[in-house]
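Summary of structural features
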Amino acid sequence: QSALTQPASVSGSPGQSITISCIGTSIDIGGYNYVSWYQQYPGKAPKLMIYDVTNRPSGVSNRFSGSKSGNTASLTISGLQAEDEADYYCCSYTSSRTWVFGGGTRLTVL
Amino acid sequence: QVQLVESGGGVVQPGRSLRLSCAASGFIFKSLSLHWVRQAPGKGLEWVAFMTDNGGEKNYADSVKGRFTISRDNSKNMVYLEMNSLRIDDTAVYYCTRNPKFHHNFDYWGQGTLVTVSS
């Protein structure tokens, strides 16, 4: 049950776009379209931003989008805003009937 | 509205036990799988355990297998995490969360309860 691999940090200026990658294997990301992404502010519970690779829950801005290619999933945030500064985690269902998270990415809006 | 409220956290010595509870409301509890996810101080999220809607299936992260037990009481809308042989590295905020029907993501989360394992 190795964690998915995310960059520790990314940054961008307001209005720009950034992409966070999430690297897994064939038994998790590559094997299922069950990748989800979570936003977390310090001291708060995570919030679901993307599910089933590309879907946005009701109420989540369309500036957030997800994709997948092979064993790598990605979260793209366009039109960066100051309020997007947070930690982001990817998560995947696995062939062992478990779930695995990425190590998390700290997004800084410059 | 959907609510998940954890309780039972606290300070415990290594090797001892603790039981966490999660009270659910605002949805048909008996129809959904429930999970525990934890986050050590300053660290990332770690999936811990899950149980299906009727309790027929459960699974655990390798790091807690054999020490933690998840259970649920569908008559009380409660899910529990019994933690035995606690270790220093079990120190974390423990979140209760759920899968929406037919999905594998976590759509609602509790506020978390802090477990500190320390001598």
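Right above here is the structure, for reference.
First, a word on scope: everything that follows refers to the structure included in this document.

The rules behind the values
- Residues numbered from 1 in each chain as written.
- Chains lettered and ligands numbered in written order.
- Predicted model: local features only at pLDDT ≥ 70, side-chain atom pairs only at ≥ 80, totals over all residues.
- Heavy atoms only, no water.
- Helix = DSSP H or I, 4+ residues; strand = E, 2+ residues; numbered from the N terminus.
- Rg over C-alpha atoms; globule rule 2.2 N^0.38 Å.
- Buried < 20%, exposed > 50% of the residue type's maximum accessible area, 1.4 Å probe, protein only.
- Contact = heavy atoms within 4.5 Å.
- Areas by Shrake-Rupley, 256 points an atom, 1.4 Å probe, with all protein chains shown as cover.
- Lys, Arg positive; Asp, Glu negative; His and termini not counted.
- Charge placed at Lys NZ, Arg CZ, Asp CG, Glu CD.
- Buried area = accessible area lost by both parts, 1.4 Å probe.
- Salt bridge = Lys/Arg side-chain N within 4 Å of Asp/Glu carboxyl O.

So, on to the overall build of chain B. For chain B, the helix and strand inventory stands at zero helices and 10 strands. Of the regular secondary structure in chain B, the N- to C-terminal order runs β-β-β-β-β-β-β-β-β-β. In summary, chain B has a C-alpha radius of gyration of 13 Å against a globular reference of 14 Å for 119 residues, a match within 12%. The dimensions of chain B, computed from C-alpha atoms along their principal axes, are 40 × 25 × 25 Å. Looking at chain B residue by residue over its 119 residues, the buried ones come to 50%. Across chain B, every contact between residues at least 6 apart in sequence was considered, and the portion connecting residues at least 24 apart equals 53%. With an accessible surface of roughly 5,300 Å², chain B has 49% of that area assigned to carbon and sulfur atoms. Once the 13 positive and 10 negative side-chain charges of chain B are each reduced to a mean point, those two points are 3 Å apart.

Take the interface of chain B and chain A next. Interfaces are often sized by the amount of accessible area the parts lose when they come together. Contacts between chain B and chain A engage 24 residues on the former and 21 residues on the latter. Counting the surface lost from both chain B and chain A, the interface buries some 1,800 Å², and carbon and sulfur atoms represent 58% of this. It is Leu45, Trp47 and His104 of chain B in chain B that bury the most area against chain A; as a group they hold 35% of the surface buried on that side. There are one salt bridge connecting chain B and chain A.

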